[in-house]
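# Fold and contact review
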Amino acid sequence: MSENKPSKREKEDPNSYPAKRGISGNLAKIGFLLLTDICTNIKCVGRENFPKDIPYVVASNHQCFADGVLISKFLPRGHFKHMTALVGADLATDYGALGRLIVRVGRGIGVERHGNPVRGLIKAKKVVEAGNICFVFPEGTRTHDGKLGEMKDGACYIAIKSSSPLVPIYISGAYDAWPRQSKWPKPFKGFMKRKKIRIYVGEPLHGEDYDNDAHKMTDALSAWMHKMEDLHLDPEA
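Because the structure is a prediction, the values reported are computed rather than measured. (Residues numbered from 1 in each chain as written. Predicted model: local features only at pLDDT ≥ 70, side-chain atom pairs only at ≥ 80, totals over all residues. Heavy atoms only, no water.)

## Here's the deal with the pairing of strand E5 (residues 133–136)
Neither face of E5 is exposed, since Ile 133 and Phe 135 on one face and Cys 134 and Val 136 on the opposite face are all buried. Strand direction decides the pairing type here: strand E2 (residues 56–60) and E5, joined by 4 bridges, are parallel. Following the sheet pairing, Val 58 is matched in E5 by Phe 135. The pairing of strand E3 (residues 83–88) with E5 spans 3 bridges and is classified as parallel. When the bridges of E5 are listed, Met 83 appears paired with Ile 133. (Buried < 20%, exposed > 50% of the residue type's maximum accessible area, 1.4 Å probe, protein only. Helix = DSSP H or I, 4+ residues; strand = E, 2+ residues; numbered from the N terminus. Pairing = 2+ DSSP bridges.)

See the structure below:
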């Protein structure tokens, strides 16, 4: 008696496992970053703060669909193949082909946005313990206005439980280049004038410096994010 094979949708369900990037995911990443270099003025500040060794957790504000791939452009050599991302479990099912592609490129690990996130967090912890990098967006959703939202404890929980450093990242300008309200990116301002995107990488945070308390560590992460927002909210300024 033959077993029922999983459907394409089931294979891409990020609740099941970190999605496989495959050829299509790698090509999509290369193509998108090539277009990003052509159409925007993107730079990274503090790139040296990325750990040379894996694993680690990356915690970033969430400005647009492409935040993860934008950050990946500046990872140390060889680290991208180990990159995974905590993503909303609905991304692969409710956002069409774009959502499924994002899950592939980021090797998504699904977490319930409005339900119990524990299953996704435990899975992410195990993936990091296995020697991977996990991108987490502690606000839980893309910004509605370019400004920071409330930070949740998930990123710090994963870092503490996996005994890994957490790298804080602040992105500026990506919201203007691809606002939540727009289906497609808007990288130009005026006639062929490229918008600026800046990615700021902070020094890693370590759980032991915060008594291995995820809430205390999240407070420190949030304070750093708001400091960066005060300084760099508008990259065109």
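## With respect to empty space enclosed by the protein
Taken as a whole and judged by the stated rule, the model has 1 cavity of 30 Å³ or more. In this model, the largest cavity occupies a volume close to 30 Å³. By residue class, the composition of the lining of the largest cavity is 2 nonpolar, 5 polar and 3 charged. (1 Å grid on protein atoms, 1.4 Å probe; cavity = no way out; pocket = protein on both sides within 12 Å on 5 of 7 lines; lining within 4 Å. Points joined across faces, edges and corners; volume = space filled by probe spheres on them. Nonpolar A, V, L, I, M, F, W, Y, C, P; charged D, E, K, R; others polar.)

## A short note on the sheet that holds strand E4 (residues 108–111)
Strand order in the open sheet made by the 7 strands is E1-E7-E6-E2-E5-E3-E4, with mixed pairing throughout. Whereas interior strands pair on both sides, the edge strands pair on one side only; in this sheet they are strand E1 (41–45) and E4. Across this sheet, the average inter-strand angle for adjacent strands is 25°, counted without regard to direction. Strand direction decides the pairing type here: strand E6 (residues 166–172) and strand E7 (residues 196–201), joined by 4 bridges, are antiparallel. When the bridges of E7 are listed, Ile 169 appears paired with Val 201. Those strands touched by helix H9 (residues 214–232) are E2, E6 and E7, and its axis lies near 25° from that of E6. (Axes fitted to C-alpha atoms, helices over the stretch in contact; angles between N-to-C directions. Contact = heavy atoms within 4.5 Å.)

## Describing the packing of aromatic side chains
Enumeration according to the criterion identifies 3 aromatic pairs in this entry. When the ring of Phe 65 is compared with that of Tyr 95, the centres are 5.8 Å apart and the planes differ by 85°; the resulting orientation is edge-to-face. Here the residue Phe 65 occupies a position in the loop between E2 and helix H3 (67–72), and Tyr 95 occupies one in the loop between helix H4 (91–94) and helix H5 (96–106), the gap between them amounting to 30 residues. Take Tyr 95: its relative accessible area is 32%, and that puts it in the partly exposed class. Three or more aromatic residues link up through ring pairs in this structure, and these residues are Phe 65, Tyr 95 and Trp 178. The ring centre of Phe 65 lies 3.8 Å from the NZ or CZ of Arg 142, which sits over that ring. (Phe/Tyr/Trp six-rings, centres within 6.5 Å; stacked < 30°, edge-to-face > 60°. Lys NZ or Arg CZ within 6 Å of the ring centre and 35° of its normal.)

## Comments concerning the pattern of salt bridges
Taken as a whole and judged by the stated rule, the model has 5 salt bridges. Among the salt bridges present, the one from Asp 37 reaches Lys 73, with a minimum N-O distance of 3.0 Å. Within this pair, whereas Asp 37 is found in helix H2 (residues 22–39), its partner Lys 73 is found in the loop between H3 and E3, the two being separated by 36 residues in sequence. Residue class for Asp 37 comes out partly exposed when judged on its relative accessible area of 35%. The class for Lys 73 is partly exposed, based on a relative accessible area of 25%. The partner of Lys 189 in a salt bridge is Glu 236, with the nearest N and O atoms 2.8 Å apart. Pair noted here: Lys 189 is in the loop between helix H8 (174–177) and E7 and Glu 236 is in the segment after H9, with a separation of 47 residues, a long-range link. Glu 236 sits in the partly exposed class, given a relative accessible area of 29%. (Salt bridge = Lys/Arg side-chain N within 4 Å of Asp/Glu carboxyl O.)

## Quick notes on the layout of surface pockets
Looking at the largest pocket, its volume works out to about 1100 Å³. Lining the largest pocket are 43 residues, with His 62, Leu 86, Val 87, Gly 88 and Leu 91 sitting closest to its centre. Looking at the lining of the largest pocket, the elements with two or more residues in it are H2, H3, E3, H5 and helix H7 (154–161). A class-by-class count of the residues in the lining of the largest pocket yields 25 nonpolar, 10 polar and 8 charged. Around the second largest pocket sit 16 residues that line it, and Phe 32, Thr 36, Thr 40, Trp 178 and Pro 185 are the ones nearest its centre. When contributions to the lining of the second largest pocket are tallied by element, the ones reaching two or more residues are H2 and H8. For the lining of the second largest pocket, the leading source of residues is H2, giving 5 residues. Partitioning the lining of the second largest pocket into residue classes produces 12 nonpolar, 3 polar and 1 charged.

Distances and angles like these do not, on their own, reveal function.
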